[in-house]
Amino acid sequence: MSDDVVHRLSVEGVDPLALAGVNDANLLELARRLGVRVSLRGDNLSLAGSAAAIERAGPVAQALIDLARMGENLDVHDVERLISDEAHGELGRPGAPPDPVKIILPGLRRVIQPKTAGQREYLRSIAEHDIVIGIGPAGTGKTYLAVAAAVDALARKRVRRIILARPAVEAGENLGFLPGDLQEKVDPYLRPLYDALEDMMPRERVQKALETRTIEIAPLAYMRGRTLSDAFVILDEAQNATGMQMKMFLTRLGVNSRAVITGDKTQIDLPNREDSGLLQVERILPGIEGIGFCYLGDADVVRHRLVRDIIRAYAEDAQG
């Protein structure tokens, strides 16, 4: 049509498959959701449509290009998330350069990097502080990015080992009644940590690191009495650690150690919510130099778009 506007964006240096997706699924989703025509030719991505549609689609397309240029393999969920970010005014300036915070792990063909402003702030905080407390809902990448930072620190020989801990609160940390040996008893609670590791290292390397105790995965209760030196320590699901357990964990840190504590205040499984060590440290630790607090929200959810909508619905219900 004669009143159509054409907007061209440079895709120089971008892997066309990473940007467009399998069978051009990403570009088709962008066209379908925002009412524009999209074509990828050579070093240009062209958008055609009404001025209003182009005004919305331009920043979303640029954000996709920026992510693809950093080595990210994108899918339709990324397109949905960026469109939602644009609708909520959370996308940032069109054409703004991508944030330099990213993690390149040996043996991985891809780069692990933040996909949202909150995740960028989280990774930057991990780089700048000895202790970081990351608080936010499910799906915001709290654990995944912390494990990536730990594997990166180990690969660069900044630490000698990684220690991953979780409170096994579902079993009351009284694991005696469960069948099997100790490993079989605790594995169900620690499985998400294994999954994150195996996404970043070949499985055989993970196994070897576990055997040599270069990487250790254990329930929080088993940290008592130890000093954790030259280590990158992650306490996951920290909302289910009691105040006493949290103090015990924080006072384990030794020389040249870093810690990341992750938790979701909406998923406290303790009998008394106020017993949560995460709520306690949120009250008493801000302002201490070397400790960073990072808050992630539903805008930082990078799972299926419905996860973000579900989190928002529960939050609205809780507010009455």
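See the structure printed just above.
Below is a short write-up of the structure. (Residues numbered from 1 in each chain as written. Predicted model: local features only at pLDDT ≥ 70, side-chain atom pairs only at ≥ 80, totals over all residues. Heavy atoms only, no water.)

Attention now goes to helix α5 (residues 117–128). For α5, spanning 12 residues, the distance from its first C-alpha to its last is 17 Å, which sits close to the expected 16 Å at 1.5 Å a residue. Residues G118, Q119, Y122, L123, S125 and I126 constitute the buried set of α5. Relative to the axis of α5, the buried residues are bounded by an arc of 155° and lie together on one face. For α5, the exposed residues lying more than 90 degrees away from the buried face are A127 and E128. (Helix = DSSP H or I, 4+ residues; strand = E, 2+ residues; numbered from the N terminus. Expected span 1.5 Å × (residues − 1). Buried < 20%, exposed > 50% of the residue type's maximum accessible area, 1.4 Å probe, protein only. Arc of directions from axis to C-beta.)

So, on to the sheet that holds strand β3 (residues 44–49). The strands that make up a sheet are held in pairs by hydrogen bonds between backbone atoms, and each pair lies either parallel or antiparallel. Pairing in this open sheet of three strands is antiparallel, and the strands run β1-β3-β2 from one edge to the other. Of all strands in the sheet, those with a lone pairing partner are β1 (5–10) and β2 (37–41), marking the two edges. Each strand axis lies, on average, 20° off the axis of its neighbour in the sheet, ignoring direction. Of the strands in this sheet, β2 and β3 are in contact with helix α2 (residues 25–34), which crosses β2 at around 150°. Against the sheet, helix α3 (residues 51–69) makes contact with β1 and β3, and its axis sits at roughly 10° relative to β1, the strand it touches most. (Pairing = 2+ DSSP bridges. Axes fitted to C-alpha atoms, helices over the stretch in contact; angles between N-to-C directions. Contact = heavy atoms within 4.5 Å.)

Our focus in this paragraph is the sheet that holds strand β7 (residues 161–166). Strand order across the open sheet formed by six strands is β8-β7-β9-β10-β6-β11, with parallel pairing between neighbours. One side of each edge strand has no neighbouring strand; the edge strands of this open sheet are β8 (215–219) and β11 (291–295). Between one strand and the next, the sheet's axes are offset by a mean angle of 15°, whatever the strand orientation. Strand direction decides the pairing type here: β7 and strand β9 (residues 231–235), joined by five bridges, are parallel. Counted as the bridge partner of A165 is L235 from β9.

Looking now at helix α10 (residues 277–284). Turning to α10, its buried residues number three or more, namely G277, L278, L279, V281 and E282. If you follow the buried residues of α10, they end up packed against β6 (131–135), α9 (243–250), β10 (258–263) and β11. Backbone nitrogen of L278 and a side-chain oxygen of the N-cap are separated by 3.2 Å at the start of α10; the cap is S276. (Polar contact = N/O pair within 3.5 Å; in protein donor to acceptor, adjacent residues only side chain to side chain.)

A few words now on the pattern of salt bridges. One pass over the full model with this rule turns up 11 salt bridges. The shortest N-O distance in the salt bridge between D152 and R156 comes to 2.9 Å. The salt bridge partner of K265 is E282, with a shortest N-O separation of 2.9 Å. Of this pair, K265 sits in the loop between β10 and α10 while E282 sits in helix α10, and the two are 17 residues apart along the sequence. A single network of salt bridges, built from pairs that share partners, joins E29, R32 and R33. (Salt bridge = Lys/Arg side-chain N within 4 Å of Asp/Glu carboxyl O.)

Moving on to the nonpolar core. Here is a general trend for soluble globular proteins: nonpolar side chains tend to be buried in one another's company. Among the nonpolar cores identified, the biggest contains 35 residues, and Y122, L197 and F232 are the most heavily contacted of them. Taken together, the elements giving at least two residues each to this core come down to α5, α6 (142–155), β7, α7 (182–198), α8 (203–211), β8 and β9. Among the elements that take part in this core, α6 stands out by supplying nine residues, more than any other. Setting aside anything within four residues of it in sequence, one finds Y122 in contact with V132, G134, G141, K142, L145, A146, V260, T262, C294 and L296. Counting residues in each nonpolar core, the second largest holds 25 residues, with V14, V60, L67 and I83 among its members. (Core = buried A, V, L, I, M, F, W, Y, C linked by side-chain atoms within 4.5 Å.)

The next thing to look at is a nonpolar patch on the surface. Where nonpolar side chains cluster on the molecular surface, the patch consists of L306, I310 and Y314 and spans about 330 Å² of accessible area. Positionally, Y314 belongs in helix α11 (residues 305–318). (Patch = residues over 30% accessible without salt bridge, like charges linked within 9 Å, V, L, I, M, F, W, Y side chains within 5 Å. Areas by Shrake-Rupley, 256 points an atom, 1.4 Å probe, with all protein chains shown as cover.)

You can see D78 is positioned in helix α4 (residues 76–87). Once you skip the residues sitting within four places of it in the chain, D78 turns out to touch N73 and K115.

Within the chain, N23 stands out as a residue other than glycine whose phi angle is a positive 55°. The backbone of R213 sits at a positive phi, close to 65°, despite the residue not being glycine. Among the secondary structure elements, R213 is positioned in the loop between α8 and β8. Assessed through its relative accessible area of 51%, R213 is described here as exposed.

Of all the five residues making up β9, five are buried; the element is thus mostly covered by neighbouring parts of the structure. Because side chains alternate across β9, one face comprises the buried residues A231, V233 and L235, and the other comprises F232 and I234, equally buried. Across four bridges, the pairing between β9 and β10 is parallel. Each residue of the ladder has a partner; that of I234, found in β10, is V260. With α9 bridging β9 and its parallel neighbour β10, the resulting β-α-β unit is right-handed. (Right-handed = clockwise from strand over helix to strand, strands pointing away.)

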